[in-house]
Structure formats: C-alpha cells, structure tokens
Amino acid sequence: MESKSQAGPMRVLVTGGSGLVGKAIEHVVQQEGGKVDGEEWIFLSSKDADLVDVGQTRAVFEKYRPTHVIHLAAKVGGLYLHMRENLQFLRDNIKINDNVLHTAHEMGVTKVVSCLSSCIFPDKTTYPIDETMIHNGPPHDSNFGYSHAKRMIDVQNRAYFQQYGHCYTAVIPTNVVGPFDNFNIENGHVLSALINKTHEAKKEGTPLNVCGTGAPRRQFIYSLDLGRLIVWVLREYEEVEPIILSVGEEEEISIKDAVDMIAEALDFEGKIHFDTTLSDGQMKKTASNAKLRRYLPDFSFTPLKEAIKMTCSWFEINYDKARI
Ligand code: NAP
Ligand code: GFB
C-alpha cells in the first residue's frame, strides 16, 4: 500500500518504539507484511534520545531524516502513578511533544501521527464520548497533568495546519493490553499489573489483591489491533482532527470481569480481594468508534478474552525479560 501523502518510499521514525504500542507496530510492519519495498522503519527507545531534551531530539532527527513520524514516546503509567506524579507527567510530556512536533516541522516531515488517550476526555460529560468533545471541560482529577499535556498535541496539530498546512494528526486509543507492556505492580496499567499480581499470588498461594471496587468500566484494545490501525492511519487517514481507535461501546467491561478473565487465563483459583480503600479513578470513559467504523466498517477486533490469554502466555514465557 503506497502512502497517499508521499511520492517516494517513506522513512518512518517511531518514537517510543520500544514500548507496548511501538513493539506492536514493529510486529505489524516486520512480521505481518505491513512494510512496502523500499520503506525504512526506525524504532526508537529513550536510549537513542531523551526526547525531553531538544538537542537530543534534533540530533536523532538529523541522524535518521524521517519523512514520516509515529509519535508514541511519553511518560506513561497506570492510575496510581498518575495520582502521585501529575506535575512530572505534565512537564515531561509537554516537552517531549513540543520537541518532537517542532523538530518534525523544522526538518520537513510530511506527516506525524501522535498518540492521545481516551483518559484525556472531559470527566463530566455525556456518553459516548467522541472526537469533537476533547476540550469540553476539565479531565478527571487523577491524571490532569498527562491529560492537559496530551490535549495540547491536538491544539498544536491544528496550529501547524493553520500556519503551514501540515498533516500532523493524532489517534485516541482506549486502554491497551498486550505483550511488552510494563507489568510493574505499582506503576503499571490495570491489566498488566493484575497479570503480574495474579502470577505472584498463584506462585505464593496468596490472595489476589485488586485495587478499588472492580466496578469501573473500560474498553480495552489489543496492542496488535492498535498497531494495525495506526499503520492504516499513517498511510490512509488524511484528517488533522483526531480519530478514536477503540472497540465498540458494547465491548466495555468492568474491572471485575477483566480480573475473572485473567484468573481464568492463568488458572488462578485462589481468593480475590477488592481493596475498596483505594481509588477507582474514572468510573468510565465510554468512547464511540463510529468515526473509525465509517472508514473501516469491517475491521475485526481481537476478542478481549483472547487478547488477555495471549498477553498472559507472553508474560509467563518472557518473565525474565518482561518489564516488571
Ligand atoms: P510504554 O510501553 O510505557 O512505552 C513508552 C515508550 O516511550 C517507550 O518506548 C519509552 O522508551 C519511550 N519514552 C518514554 N520517555 C521517553 C523519553 N523521555 N524520551 C524518549 N523516549 C521515551 O507506553 P505505551 O503504552 O506503549 O504508550 C505509547 C503511547 O500510547 C503513549 O503516547 C501513550 O500515551 C499512548 N496510550 C497508551 C495507552 C495504554 O493503555 N498503554 C492508552 C492510550 C494511549 P524506553 O523503552 O527506553 O523507556
Ligand atoms: O489502567 P489503569 O491504571 O488506568 O486502570 P485508567 C485503573 C483502574 O483499574 C481503576 C483498577 O479503576 C483501578 O481501581 N485497578 C484494579 C488497578 N487493580 C489495579 C492495579 O493493580 N493497578 C492499576 N493500575 N489499576 C489511565 C490513565 O487511566 O488510562 C493513563 O491513568 C492511561 O493515563 C490509561 O492513559 C489509558 O484506565 O484509570
């Protein structure tokens, strides 16, 4: 598939290429035939350049001279890390995003696809939430730092279009699950932290401690599905306005139901304890995938049960090299 926005072969720089989403895109490009002859794909980690630093950002762009950028790099974490470090999430992400977007502009990058998140939407809202509602009110208090930094990507994309006509756009994934996630119990997202905790509880013969009531609801997308969709956005999506990449509203499930899926996948038969003294975070952030469905009515999402099974088995096989 040729990119609509580029005559010659693309040279794609993927920031955050070593993380959950970056590894999924790498798999799609290298293992699923997602790469066109002559194209070059470069997957960066923070070891290649600390993108908080403008000098290092420029140097890595000089080195690779990309025509296209998929911008995933971010300070990322689960609910409880956000609650402890809102300031750091705000400052790091503002810097990373401005450094990447403006260096891309200075070096004549044709297209940038950045990554927002459904947790940046307004807290007090009507459901389902769609792409037109990003700035309609403050985000949930638990992650206001990250959310405001991420919202500014959308503002900045519109400004690059207005002033220079650039096609710098953004995707809005819901909660992601898959191999190569951060499985750290304190800092990780819900499913990866719980997969690690369940593995530990089974090994030690102790109860599984779930944070909060289990009542909040989430839409989860398998990282490889997201990788396929982001590659489609890079090649085919020509709007500056962002697009939600999510399963349908009917696929939203409670944390408790997700815990049951993990227990089943890991054959955990011990006690499950809900620590209701801990925050539930946002109760729901139900997002509409109607815009995505208008473009790709037939895209088939991996069922969550299967996605969790594959992630659990990746975690068990790769325990020694997984981020825990
Ligand atoms: P991840 O697994 O934690 O990966 C983060 C990536 O960013 C890593 O490659 C990391 O490099 C890189 N990075 C972090 N700080 C950096 C810095 N200062 N300079 C350069 N690189 C840096 O996160 P992810 O889940 O793949 O997230 C990717 C994108 O998806 C993010 O923009 C995130 O906001 C968005 N998103 C994620 C979710 C989710 O549920 N995970 C949901 C919605 C949106 P190292 O490997 O070297 O640390
Ligand atoms: O993935 P998560 O940390 O973040 O999920 P959000 C939090 C929900 O899972 C809350 C429950 O309802 C928690 O009470 N939960 C249960 C747990 N057990 C655990 C556990 O062991 N660890 C964690 N982390 N949660 C995020 C944002 O919100 O949305 C991020 O904070 C990110 O910025 C992500 O963008 C998509 O879904 O609440």
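Above this text is the structure in question.
Description of the structure in this document.

Calculation rules
Every chain is numbered on its own, with residues counted from 1 as its sequence reads. As they are written, the chains are lettered A onward and the ligands numbered 1 onward, keeping that order. Since the coordinates come from a predicted model, pLDDT governs what is reported: local features require at least 70, and pairs of side-chain atoms require 80 or more to be given and counted, while whole-chain, interface and lining totals use all residues. Side-chain metrics in this entry use all non-hydrogen atoms of the structure; hydrogen atoms and water are not considered. To be near a molecule or strand, a residue needs just one of its heavy atoms within 4 Å of it. Under this definition, polar contacts are N or O atom pairs within 3.5 Å; protein pairs additionally need one hydrogen-donor-capable and one acceptor-capable atom, and for neighbouring residues in sequence, both atoms have to be side-chain atoms. For helices the rule is a DSSP run of H or I covering at least 4 residues; for strands it is a run of E covering at least 2, with both sets numbered from the N terminus onward. Working definition of accessibility: Shrake-Rupley area with a 1.4 Å probe, residue cover restricted to the visible protein chains. Classification used: nonpolar for Ala, Val, Leu, Ile, Met, Phe, Trp, Tyr, Cys and Pro, charged for Asp, Glu, Lys and Arg, polar for all others including Gly.

1. Concerning the site of ligand 1
Inference 1: Taken together, 28 residues are adjacent to ligand 1, and Ser-18, Ser-46, Tyr-146, Lys-150 and Arg-323 come closest.
Inference 2: A distance of 2.6 Å separates an oxygen atom of ligand 1 from a polar side-chain atom of Arg-323.
Inference 3: Elements supplying a minimum of two residues to the shell around ligand 1: α1 (20–31), α5 (144–164) and β6 (175–177).

2. A word on the site of ligand 2
Inference 1: As a matter of local geometry, ligand 2 sits amid 24 residues, with Leu-79, His-82, Lys-197, Arg-218 and Asp-280 nearest to it.
Inference 2: In the model, an oxygen atom of ligand 2 is placed 2.8 Å from a nitrogen or oxygen of the Leu-79 main chain.
Inference 3: Interatomic distance of 2.7 Å between a backbone N/O atom of Asp-280 and an oxygen atom of ligand 2.
Inference 4: Contact with the protein chains removes 96% of the 700 Å² of surface that ligand 2 exposes when unbound.
Inference 5: Of all the secondary structure elements, the ones that give two or more residues to the shell around ligand 2 are α3 (79–84), α6 (190–204) and β7 (208–211).
Inference 6: In terms of residue count, α6 provides more of the shell around ligand 2 than any other element does, four residues in total.
Inference 7: Across the shell around ligand 2, the residue classes tally to 11 nonpolar, nine polar and four charged.

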